[in-house]
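Structural description and commentary
One-letter residues, chain by chain:
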Amino acid sequence: MAPRQGPNDDRTIAPGQFAGQPQAPGVPQQRPAPPGQAQPAGHGWSADKTMVPGIGMPDEQLQAPAGARVAAPPAAQVPAAQVQVQAPAGAGDLTPELIETPVWTETMLQQAGIPIVDVPFVTVGGGIGSFVTTDYLRIAGVPPEQIRVLSNLDFPYQTYEYLTRVSQIPDHARIRSDSSSRPDNIWGFPSYALTETWRQKTPAHLIHLLLEPVWADYWTPLRSTVFGSIDKESKRIGYDKMRVKGVVRMVRKRYGGGYFTILTPPEGSSPTKRVAYRSRFVHLAVGYPGLRYLPDLQDFRERYQDYQHVVNAYEPHEHVYETLKTRPGTVVLRGGGIVASRVLQRLFDDREHYKLQTNIIHIFRTYIEGSHGPGPWMRRKGDHGWAYQGFNYPKSVWGGQLKAQMRKLDGDDRAKLYKLMGGTNTPKRRRWQDQMRAGRAGGYYRDMQGIVEKVEPAPDGNGVVSYVTGKAGNELIRSDYIIDCTGLEADISQHRVLADLLQHTGAYRNPLGRLEVERHFELKNTANGDGVLYASGATTLGGYFPGVDTFLGLQIAAQEIADDLARRGWCKKIGPGRSTSQWFKWAFNKPI
């Protein structure tokens, strides 16, 4: 199997924008940033009052805390020589004319007082998708002065770090990614397993690789190994010198070719509210708009303003586990993917370690009872509600027959193949399989098929009641907490930048409702003169390449983009000679 992951493992999520709302109660402080990097200054807001770094940060919210000192952006980030329009202090906001006009001229921006910065290549997002693409371009010989990373993140994996942490993957745990999928190493060699073998001076990891998946679970890297490797490569390529802090508001076509990308800098760091980046190429890697709640849980939270008893696995919910340590309780778990398995294992681990009396009721909307699929070559194992698979897609998606087949399909045919290959699944890990068997035998874990019609507060005010319709009829289930593990919001129209693209640039949806891209990840119908608009990551799922929102998928997309830019004569192609020489520079950590 190749590394196709769910959103809580190696799936990357980068900044989105939509209306901000108050912070949910009980949200803890973010962990300190890695050494040598700034403490995160901004968090995003989900549509349901949950702060998430890099997701849903509206430009109105991007400001320093009261009393904080705001430093101006480093000179290297916005070279004075590249600023073409000087605006008076206090001016420089979007006008109705700009908002309503799909193609802009320099005169329109000058009249609005918005300064213009020239740079050939702009990547929007700043997450792992932007980082990997920037890494490829730097290795291809593009100097840092020709690239700008527009982001409200302080380091590439900030959003991913947050989401893995709150969904129960701490630093000492392993993520769902294979050994060779390294966002910091475009060659994939040495693999994560070799790296950990060298550091820990033990052959255990290599032996594990030889035994997987029959006699051992799939080997996966430590979360801390992944983050440390990205930090190292980020420093090597000068990533921070290319990063400009702020929130991107929109991307519009420029009259005569190319694009304008509108950035809202942090309050106090710029004399104008907006800055326009004029470029020939724009790359979008903005991820998901925010958290997604099941309709009945969304209704409960909004109606009763209760954010303690009904929580999302992607928001901070440590209070659930801490409360269960103090008294017996019941938790309803909803969802059947990798996040649900991680949360379930945390509940089992706490029960065993602290000798708790926690009861768990797991409700599956779609209940898998055994192996399923259309034929012998398109089947996956399953039981007790779960669909099992080492990674979400078969290995041939990344470089075999399924990849070749998908590149030939359009419309409904492509959507049908996605449906056959995809679906919610999780790896069949031996530890929590044993835990579930013990839970069923002991009566403290129950899995069931059911559709939750509504959720209400318990009559005595302690906990919540779920009204469930299942095979056995109607049932009322009382619990202390409900943990929603159903995923992240996938509707691109809820992302401010993407919604604007759909309305004003000619971009349109693919068969799965995301952005339609070419095989080289150019957004269809958005070319402007010699300018090209690219997109990669979760927002392009449903295109000609299925594994887009994984470490390896982001690397494949970045390679396609870099090769396309080389064909257009903008950068050098990474051929055998350059690839070999650059690998040695990477191996010896020589800056480029």
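What counts and what doesn't
- Positions within a chain are numbered from 1, following the residues in the order the chain's sequence is written.
- With the structure being a predicted model, the display of local features is reserved for residues of pLDDT at least 70 and the display and counting of side-chain atom pairs for 80 or more, all residues being used for whole-chain, interface and lining totals.
- Note that the side-chain values use all heavy atoms of the structure and ignore hydrogens as well as water.
- By salt bridge we mean one thing: a side-chain nitrogen of Lys or Arg within 4 Å of a carboxyl oxygen of Asp or Glu.
- Helix and strand definitions here come from DSSP, where helices need a minimum of 4 consecutive H or I residues and strands a minimum of 2 consecutive E residues; each element is numbered from the N-terminal end.
- Here's how the labels work: a residue is buried when its accessible area is under 20% of the maximum for its type, exposed when over 50%, partly exposed in between, all with a 1.4 Å probe on protein chains only.
- One bridge is not enough; two strands pair if DSSP finds at least two bridges between them.
- In this analysis, axes come from line fits to C-alpha atoms, helices being fitted only over the stretch in contact, and the angle between any two N-to-C directions falls in the range 0 to 180 degrees.
- Two helices cross in a left-handed way if the nearer one is turned anticlockwise from the farther one by less than a right angle. They cross in a right-handed way if the turn is clockwise.
- The contact criterion used is simple: two residues touch if any of their non-hydrogen atoms lie within 4.5 Å.
- Buried residues of nine kinds, namely Ala, Val, Leu, Ile, Met, Phe, Trp, Tyr and Cys, make up a nonpolar core once their side-chain atoms join them within 4.5 Å.
- In what follows, roughly perpendicular refers to angles from 65 to 115 degrees, roughly parallel to angles under 35, roughly antiparallel to angles over 145, and oblique to any angle outside these ranges.
- For this classification, Asp, Glu, Lys and Arg are treated as charged, while Ala, Val, Leu, Ile, Met, Phe, Trp, Tyr, Cys and Pro are nonpolar and the rest, including Gly, are polar.

In this section: the pattern of salt bridges. Pairs may arise between side chains of opposite charge once their charged atoms sit close together. The final tally for this structure, using the stated rule, is 41 salt bridges. Here Arg346 and Asp350 are joined by a salt bridge, their closest N and O atoms 2.9 Å apart. In this pair, Arg346 and Asp350 both sit in helix 11 (residues 338–353), four residues apart, roughly one turn of the helix. Classification of Asp350 by relative accessible area gives buried; the value is 9%. For Asp349, the salt bridge goes to Arg431, with nearest N and O atoms at 2.8 Å. Linking Asp349 in helix 11 with Arg431 in helix 15 (residues 430–442), this pair joins segments that are 82 residues apart in sequence. Each member of the salt-bridge network shares a partner with another, and the members are Glu106, Asp118, Arg254 and Arg278.

Moving on: helix 4 (residues 158–166). An α-helical turn contains 3.6 residues, so a residue and the one three or four places further along point in the same direction. Most of helix 4 is tucked away: eight of the nine residues are buried. Burial in helix 4 covers these residues: Gln158, Thr159, Tyr160, Glu161, Tyr162, Leu163, Thr164 and Val166. The first or second residue beyond helix 4 is Gln168, which carries a positive phi of 75 degrees.

What follows covers the sheet that holds strand 5 (residues 121–124). One open sheet accounts for five strands, arranged 7-6-5-11-21; its pairing is parallel. Each having just a single partner strand, strand 7 (243–245) and strand 21 (532–535) make up the two edges of the open sheet. Here the average twist between neighbouring strands, direction ignored, is 20 degrees.

So, about unusual backbone geometry. Glycine aside, negative phi is the norm for most residues, and most peptide bonds take the trans geometry. Residue Pro190 is bonded to the preceding Phe189 through a cis peptide linkage, with omega at -5 degrees. The topology assignment puts Pro190 in the loop between helix 4 and helix 5 (192–200). Cis peptide bonds are those with omega within 30 degrees of zero, and the linkage from Glu212 to Pro213 qualifies with -10 degrees. Along the chain, the position of Pro213 falls in the loop between helix 6 (204–211) and helix 7 (223–237). You will see that Gln168, though not glycine, has its phi angle at about 75 degrees, which is positive. Of note, the phi angle at Gln305 is positive, near 50 degrees, even though the residue is not glycine. Examined against the element boundaries, Gln305 turns out to sit in the loop between helix 9 (295–304) and strand 12 (310–312). Assessed through its relative accessible area of 45%, Gln305 is described here as partly exposed.

Below, the discussion takes up the sheet that holds strand 9 (residues 259–264). In space, the five strands of this open sheet follow the order 3-8-9-10-4, with mixed pairing throughout. The outermost strands of the open sheet, each flanked by one partner alone, are strand 3 (103–104) and strand 4 (116–118). Taken together, the two bridges between strand 3 and strand 8 (residues 247–254) define a ladder with parallel strand orientation. Note that in strand 8 the partner of Val103 across the bridge is Lys253.

Across the interface, helix 11 lies against helix 15 with an axial gap of 10 Å and an inter-helix angle of 65 degrees. In the packing of helix 11 onto helix 15, the handedness of the crossing is left-handed. Contact with helix 11, carried on its side by Ser341, Leu344, Gln345, Phe348, Asp349 and Glu352, involves Arg431, Trp432, Gln435 and Met436 of helix 15 and no other residues of that element.

Take the nonpolar core next. Leu137, Tyr277, Leu284 and Leu565 are the most contacted members of the largest nonpolar core, which totals 79 residues. Residues in contact with Leu284, not counting those within four places in the same chain, are Val124, Val251, Leu498, Leu501, Leu523, Leu533, Tyr534, Ala535 and Ser536. Ala313, Tyr321, Tyr445 and Val455 belong to the second largest nonpolar core, which has 47 residues in total.

We now examine the packing of helix 5 against helix 6. At their nearest, the axes of helix 5 and helix 6 sit 8 Å apart, and the two run at 150 degrees to each other. The pairing of helix 5 with helix 6 is recorded here as roughly antiparallel in orientation. Taking contact as the criterion, the partners of Ala193, Leu194, Glu196, Thr197 and Gln200 in helix 5 are, on helix 6, His205, Leu206 and Leu209. Taken together, the residues of the contact of helix 5 with helix 6 break down into four nonpolar, three polar and one charged.

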